[in-house]
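Architecture and fold: a report
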2 protein chains.
Amino acid sequence: MNTTTQTDTLKRVKQILENYLVDKKLRKTPERFALLEAIYTRDDHFDAETLYVEMKMKNYKVSRATVYNTLDILQECKLVIKHQFGSKLARYEKSFGYQQHDHLICVECNKILEFCDPRIRNIQSMVEDIYGFKIDSHSLNFYGTCSEDCAERQRRKER
Amino acid sequence: MNTTTQTDTLKRVKQILENYLVDKKLRKTPERFALLEAIYTRDDHFDAETLYVEMKMKNYKVSRATVYNTLDILQECKLVIKHQFGSKLARYEKSFGYQQHDHLICVECNKILEFCDPRIRNIQSMVEDIYGFKIDSHSLNFYGTCSEDCAERQRRKER
DNA sequence: ATCCCTGCAAAGGGTTTGCAGACGC
DNA sequence: GCGTCTGCAAACCCTTTGCAGGGAT
């Protein structure tokens, strides 16, 4: 994504947040927009603490409470997605302009790759039909090792 | 599953645990076998606390520490699978004699259904080839509502 | 007899909550 | 000015850990 597009994205997501806040009669606080910008400047699967520390480093003071509060709001307006990659530590990522995708997680070095596969949609509609569920979302994670090094490290642990 | 088969399963999983403990030079304590039996008598996706309380109710005293310790061991010998269904609270289920399956979770009433789909295997091998990962396991969860009642309750929340 | 395992309770890590003061409306 | 949002810290929940006594080998 080049700089122009990123600036453009930033404008659009800020607009979405603003609309959401107005609609829900919530306040347009500077903290919320600062956090949104920080999130849309990142390009990874971060946790709440990392975001909190990043703000601190930039000399933008926000409390942990505000970080969590804002992450909740951003999830509600679909600007952020929360993941639980098999541990209790929640991970987040921006979601505007991204096509829905799934994750491939290296259990050794924690590298996370993304992939898309249209077959999941098919599985979803089949499952909806069979069980009478209305499905809103899904998460598909593959866990494994990303390289021979990581595979070797894993084998060593299992002994 | 009829009673005969369940008794049979119980015998077999106890044997598996015993072999594992001997192999790893761990001790065959009564707590471990009692917990294994409790787990294989259940038929749901339970959390550690529920199991702990169940043992208490049956007047079989085990500590939380032992519950967690035993769940770890049972995971290692593949008799139990641990799930993280989008919350920090871990869920467990017995896994011997079960084919690998995935989950459908009602976000309103927390009902959990299971399903299998062979296409996931295909996606898995494709992803392995493309990204050079060696995949050990996966988790696919669909989140939605299980009935019109639950769907309605969800809509009411969103207002 | 060894020393791993247990029970207990305290500590731990991530997240949520309560409260008083700040500030968007 | 009203009422929500913030920062702070304490509380919270689930899980892990430390330790001393007990039981498997």
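Structure shown above.
Notes on the structure in this doc start here. (Residues numbered from 1 in each chain as written. Chains lettered and ligands numbered in written order. Predicted model: local features only at pLDDT ≥ 70, side-chain atom pairs only at ≥ 80, totals over all residues. Heavy atoms only, no water.)

**Considering a nonpolar patch on the surface**
Residues and elements named next belong to chain A. A contiguous nonpolar patch, built from M126, I130 and Y131 and spanning about 260 Å² of accessible area, is present on the exposed surface. Mapped onto the elements of the fold, Y131 is located in helix α5 (residues 119–131). When its relative accessible area of 31% is taken as the criterion, Y131 is described as partly exposed. (Patch = residues over 30% accessible without salt bridge, like charges linked within 9 Å, V, L, I, M, F, W, Y side chains within 5 Å. Areas by Shrake-Rupley, 256 points an atom, 1.4 Å probe, with all protein chains shown as cover. Salt bridge = Lys/Arg side-chain N within 4 Å of Asp/Glu carboxyl O. Helix = DSSP H or I, 4+ residues; strand = E, 2+ residues; numbered from the N terminus. Buried < 20%, exposed > 50% of the residue type's maximum accessible area, 1.4 Å probe, protein only.)

**Section: the protein's contact with DNA strand D**
In the neighbourhood of DNA strand D, 20 residues make up the surrounding shell, with R27, S63 and T66 of chain A together with R27 and Y68 of chain B lying closest. Sugar plus phosphate, as a fraction of atoms of DNA strand D within 4 Å of the protein: 69%. Note that a phosphate oxygen of DNA strand D is positioned 2.9 Å from one of the side-chain N or O atoms of T29 of chain A. Of all the secondary-structure elements, those providing two or more residues to the surface near DNA strand D are α2 (30–41) and α4 (64–76) of chain A together with α4 (64–76) of chain B. Tallying contributions element by element places α4 of chain A first for the surface near DNA strand D, with three residues. (Near = heavy atom within 4 Å. Polar contact = N/O pair within 3.5 Å; in protein donor to acceptor, adjacent residues only side chain to side chain.)

**Some thoughts on the relation of the copies chain B and chain A**
Note on the identical chains: chain B maps onto chain A by a rotation of 179 degrees and an axial translation of 0.0 Å, with an RMSD of 0.2 Å. Considering both components of the superposition, the chain copies are consistent with a two-fold axis. The fraction of interface residues of chain B whose copies in chain A are also interface residues reaches 100%, indicating that both copies meet through the same surface. (Least-squares fit on C-alpha atoms with pLDDT ≥ 70 in both. Contact = heavy atoms within 4.5 Å.)

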